[in-house]
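The primary structure of each chain is shown beneath.
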Amino acid sequence: MTTDIWSWVRDAHRQLAEAGHHRLADAVVELPELATEGRNDQLDALYPEALAAARSLDLPWVEVYLRHWRLQNLLNKRQQGEAVMPEAVDLLDFAHREGTAGCPQSVCVVQDFAICHARVDGPGYVTERLEVVGETLGRIEPGRACYDCLSREYSDALEDDGRAAEALDHLDTAAHRMRAAGQRVSLRFHQSRAGTLHLLGRYQEVLELLDTAEKAEQAQGHRLDERDRRWGALLRARALAALGRTEEALALLPDRAEAEQHADLRPTWTQTVELLVAAGAWENDAELGAALAGWVGYLDDAGAHRPCVDLLLAAGRLALARGARTVALTLAATGQRKLTRLRRTDGVAEEVAALRAAAEALPQPELPVPPDELAAYLAEAGVPVETGVDLLSVALDRYRGEQAGATGTTVQLATLLGGLGHARAAADLLWQRLEADPEDRELTGTLGEMLIGARDADGVRRLADRLAVTAPADAHWTRARWAVAESRWAEALEQCEAILALDDAVLNTRRLAARAATELGDHATAQRLHQELLERALPAGEVAEEESHRTVQEPDLWHLITAATANRDWAVVRSTGALLGIEFDEPEGPVDEEWQLVTVRATRTNGATADLPAVRTGPATARILPVLGEDLTLNHGDVVVFAPALLERPPAEDADEEERQHWRPAFELLTLLDPAGYTTYWIDGGWPGDEPWGTLRERLQEAGYAVWAYSGDQYRITDPADDDETLPGIYAALGVPPTASAAEADALLHRLTGHWPHPLAWATLAEAAGADVARHEEIVERYGL
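The following refers to the structure shown. Given the structure is predicted, the values throughout are model-derived calculations rather than measurements.

**Some points on the overall build of the protein chain**
A count of helical and extended segments in the protein chain gives 36 helices and ten strands. Relative to the compact-globule value of 28 Å for 785 residues, the protein chain shows a C-alpha radius of gyration of 31 Å, a close match. Summarising its shape, the C-alpha atoms of the protein chain cover approximately 95 × 80 × 55 Å along the three principal directions. Relative to its 785 residues, the protein chain shows a buried fraction of 50%. Restricting to contacts in the protein chain with at least 6 residues of sequence separation, those with at least 24 account for 60%. Accessible surface for the protein chain amounts to roughly 36500 Å². Of this, 48% is attributable to carbon and sulfur atoms. With 75 positive and 131 negative side-chain charges, the protein chain shows a spacing of 5 Å between the two charge centroids.

**A few points about the pattern of salt bridges**
Should the charged atoms of two oppositely charged side chains come close, the side chains can pair. A full pass over the atoms with the stated rule returns 61 salt bridges. Ionic pairing is found between Arg163 and Glu166, a salt bridge with its closest N-O pair at 3.1 Å. In this structure Arg163 comes out as partly exposed when scored by relative accessible area, which is 27%. Between Glu214 and Arg236 there is a salt bridge whose closest N-O contact spans 3.0 Å. Highlighted residues: Glu214 in helix H11 (residues 203-219) and Arg236 in helix H12 (residues 226-242), separated in sequence by 22 residues. Per residue, the accessibility class of Glu214 equals that of Arg236, and both read buried. The network of salt bridges with common partners includes Asp504, Arg510, Arg528, Glu532, Glu535 and Arg536.

**A look at empty space enclosed by the protein**
This model, assessed by the stated rule, comprises one cavity of 30 Å³ or more. Around the largest cavity, the lining residues are Gln79, Ala263, Arg266, Pro267, Trp295, Tyr298, Leu299 and Pro307. Secondary structure elements with two or more residues in the lining of the largest cavity: helix H15 (266-278) and helix H16 (286-302). No other element matches H16, which puts three residues into the lining of the largest cavity. Grouping the constituent residues of the lining of the largest cavity by class yields six nonpolar, one polar and one charged.

**Comments concerning the nonpolar core**
Within the largest apolar cluster, 80 residues are counted, with the highest numbers of intra-cluster contacts made by Trp269, Leu374 and Leu447. The dominant element in this core, judged by the number of residues it contributes, is helix H17 (residues 305-322), at eight residues. Sequence-distant contacts of Leu447, defined by excluding residues within four places in its chain, comprise Ala427, Leu430, Trp431, Leu434 and Leu463. In terms of nonpolar packing, the next biggest core, distinct from the first, is built from 34 residues, Leu74, Leu75, Ala95 and Val109 among them.

**Examining the packing of aromatic side chains**
What the rule picks out here adds up to eight aromatic pairs. With a centroid separation of 5.2 Å and an interplanar angle of 5°, the aromatic rings of Trp682 and Tyr731 are classed as stacked. Placement of the pair is Trp682 in strand E6 (residues 679-686) and Tyr731 in strand E9 (residues 722-736), with a sequence separation of 49 residues. Taking relative accessible area as the criterion, Trp682 reaches 31% and is therefore assigned partly exposed. Each ring, one from Trp687 and one from Trp693, has its centre 5.8 Å from the other, and the planes form 45°; the classification is tilted. A relative accessible area of 29% places Trp687 in the partly exposed class. Ring pairing ties together the aromatic residues Trp8, Trp61 and Tyr65, which thus form one cluster.

**Let's talk about the environment of Cys308**
With respect to the secondary-structure elements, Cys308 resides in helix H17. Spatially, the C-alpha atom of Cys308 lies 8.2 Å from that of Gly335, the residues being 27 residues apart in sequence. In this structure Cys308 touches Val296, Leu299, Asp300 and Lys338, once residues within four positions along its chain are discounted.

**As for a negative patch on the surface**
A grouping of Glu653, Asp654, Asp656, Glu658 and Glu659 is seen on the molecular surface, where their side chains present a negatively charged patch. For Asp656, the position within the fold is in the loop between strand E4 (639-642) and helix H32 (657-662). By relative accessible area, Asp656 is classed as partly exposed at 45%.

**Side note on the pairing of E6**
Taken residue by residue, a regular strand's side chains alternate between the two faces of the sheet. Counting buried positions along E6 yields six of eight residues, so the element is predominantly enclosed. Sheet topology note: the E6/strand E10 (residues 760-761) ladder contains two bridges and is antiparallel. Directly across from Asp684, in E10, lies its bridge partner Ala761.

**A look at the state of the cysteines**
Scanning the entire structure with this criterion turns up zero disulfides. Here Cys103 stays unpaired: no disulfide links it, and the sulfur of Cys108, its closest cysteine neighbor, is 8.5 Å away.

**Regarding the sheet that holds strand E5 (residues 666-674)**
If you walk around this closed barrel you meet the five strands as E1-E2-E3-E4-E5, and the pairing is mixed. With strand direction ignored, the average angle separating the axes of adjacent strands in the sheet is 55°. In this structure, E4 lies alongside E5, joined through four bridges in antiparallel fashion. Across the sheet, residue Val640 finds its bridge partner in E5, namely Leu672.

Rules used throughout
- Residues numbered from 1 in each chain as written.
- Predicted model: local features only at pLDDT ≥ 70, side-chain atom pairs only at ≥ 80, totals over all residues.
- Heavy atoms only, no water.
- Helix = DSSP H or I, 4+ residues; strand = E, 2+ residues; numbered from the N terminus.
- Rg over C-alpha atoms; globule rule 2.2 N^0.38 Å.
- Buried < 20%, exposed > 50% of the residue type's maximum accessible area, 1.4 Å probe, protein only.
- Contact = heavy atoms within 4.5 Å.
- Areas by Shrake-Rupley, 256 points an atom, 1.4 Å probe, with all protein chains shown as cover.
- Lys, Arg positive; Asp, Glu negative; His and termini not counted.
- Charge placed at Lys NZ, Arg CZ, Asp CG, Glu CD.
- Salt bridge = Lys/Arg side-chain N within 4 Å of Asp/Glu carboxyl O.
- 1 Å grid on protein atoms, 1.4 Å probe; cavity = no way out; pocket = protein on both sides within 12 Å on 5 of 7 lines; lining within 4 Å.
- Points joined across faces, edges and corners; volume = space filled by probe spheres on them.
- Nonpolar A, V, L, I, M, F, W, Y, C, P; charged D, E, K, R; others polar.
- Core = buried A, V, L, I, M, F, W, Y, C linked by side-chain atoms within 4.5 Å.
- Phe/Tyr/Trp six-rings, centres within 6.5 Å; stacked < 30°, edge-to-face > 60°.
- Patch = residues over 30% accessible without salt bridge, like charges linked within 9 Å, V, L, I, M, F, W, Y side chains within 5 Å.
- Pairing = 2+ DSSP bridges.
- Disulfide = S-S within 2.5 Å.
- Axes fitted to C-alpha atoms, helices over the stretch in contact; angles between N-to-C directions.

And the structure:
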């Protein structure tokens, strides 16, 4: 096999674009970067359409390529395991059929298959991984890019078998073969080798290798991407922590928020933090424990059984160091359950048993008050949450065999455990109590919350089916909340409507139903539900604080304004605005004022987000300012409705003046209200200077057009008088109003810019106008646009 994958990708992109399949052509180029950078939302938005297009065009090679990169994302960035095993197996079969075996990406599917087995149980599948990867390495040339990836995968399998020294020898041999074949050794290969050196305790060499590899990468003209920089920092931080250089490690360690966003960072991040905790450089607190427990639960749900056990053992060691007895026991119980999913348990089974034994050996706290007074004591005394969990566990043991008090204690313990990231263990505790006290609504409600938090679909269905017999409204509520958790908005609305048919007075159900209707774009239903809520709410002064949900809340009014705006019910917008103290310029009619500059966050067709400057024209409306491309369904002058919640908090009171001045409220786009009808064409060429450009903007605006510059000072174009020199350039979008034709726009640009020393090109506009396109193509060629 000698086909170069990236040469094939370039050819496939060109052929698809020439055939008019531009969306699929773009996906072929964009998908690998989205997959490896962990831009999961964008990938999820792009992939289904691209796969459907490849299948409809009968392009099996493209299908293999798309499915491979999605699996790379699921396996590496999202650390999925057994949850994606069926896809990994099916793709391996599909990629080796007669019509796809020649596809250069088919080789890489072997890596997907091996990684998936590593996620499920790396040591347990060592033999199979070495066999399948070794066979593939034996039949491909070292000059192929996939030789690099597969060599790393082979090394990973050796490491999982405890053979780190062999893994290092294998990597070094592979690197020698690749260089001899003229193939560049990737930075990720060097990062993998750094991981192997770390396993061997050669921490200083890790630092030296990373420095050398990154400098070589940049010397060859390759820019370090976000993933490269992130992993370089993390690998250095771990090595520095192992060397005891904690201050340097802390300076490089990515924030926990990055590990939350990128699941692939979590194992190495946890190893580093465990070293820092041991050195007294990182606080080992309940917040850290809750984060790790959440990651354990994620891996548990994904079927990444071996990584789950490895991570829970680290979390367990830290819990033991904190003296968190119940948390450590909970982690040990999860470990014992996960051991049943592993093929190979030697070593790890002993570690799980040792964790349990050490947790049981921790002293149990003495109850400071009788069990029936503990709940009040915990609320008043400000007891640390993990201590509270231990106290409640002791209290629950005292209640064994007793009915009174046990349910309340169980619910409180489960709630605290769930807050510490142990939703599944909390649910198990509540299930046990449910058999003894099946009618308690607080218990079933809390159980529903924990099951949803644990993403236990079977448990949710089981609970809802059980409640349907004795408490049908609660059953519908459980199903509605689960539907919301999975963004199944039509089902959520249906379940809420079933509750309202049983009890017309409930308010939270209306709130959830209105949210579902809004997500479905059914703003009329959302408005009706919010107005019904206002009619049925109790006066604020007539209920206790814990019953405040039965009164009108400020967000209720804002949601009503938003829905009424989408429905153009301006009377309701104005009357509800008055309840919020909003003063309008006019007493009636549509609200179209100028309030302030805001940001409207929209979603591009490829799933990426775009923050668009806009002028707020009312409580829930804004007019878009920039001229936009076809990757957005909006354009200049469009009036949109936005959701009322701020996406970002305002700067703190002690923030500097510049930060406060530059901050703009950001809102999420809800729907398009009034399209302005502008059409976008792109102009490109030499920068004429501030004064001529300002004049052009003024003349275009006077004629009803709009223009928005996208290039900055860094944009340079070729100087046709000297190919070795460059000129400042301008790349901008021209918005043509619906009242003007393309021919009129073409003529106007000629009139306004024809005297400039360096001409602009607008080939697409010229083509739409039926004008001479050759002139613009010549400008593009001459100036290297």
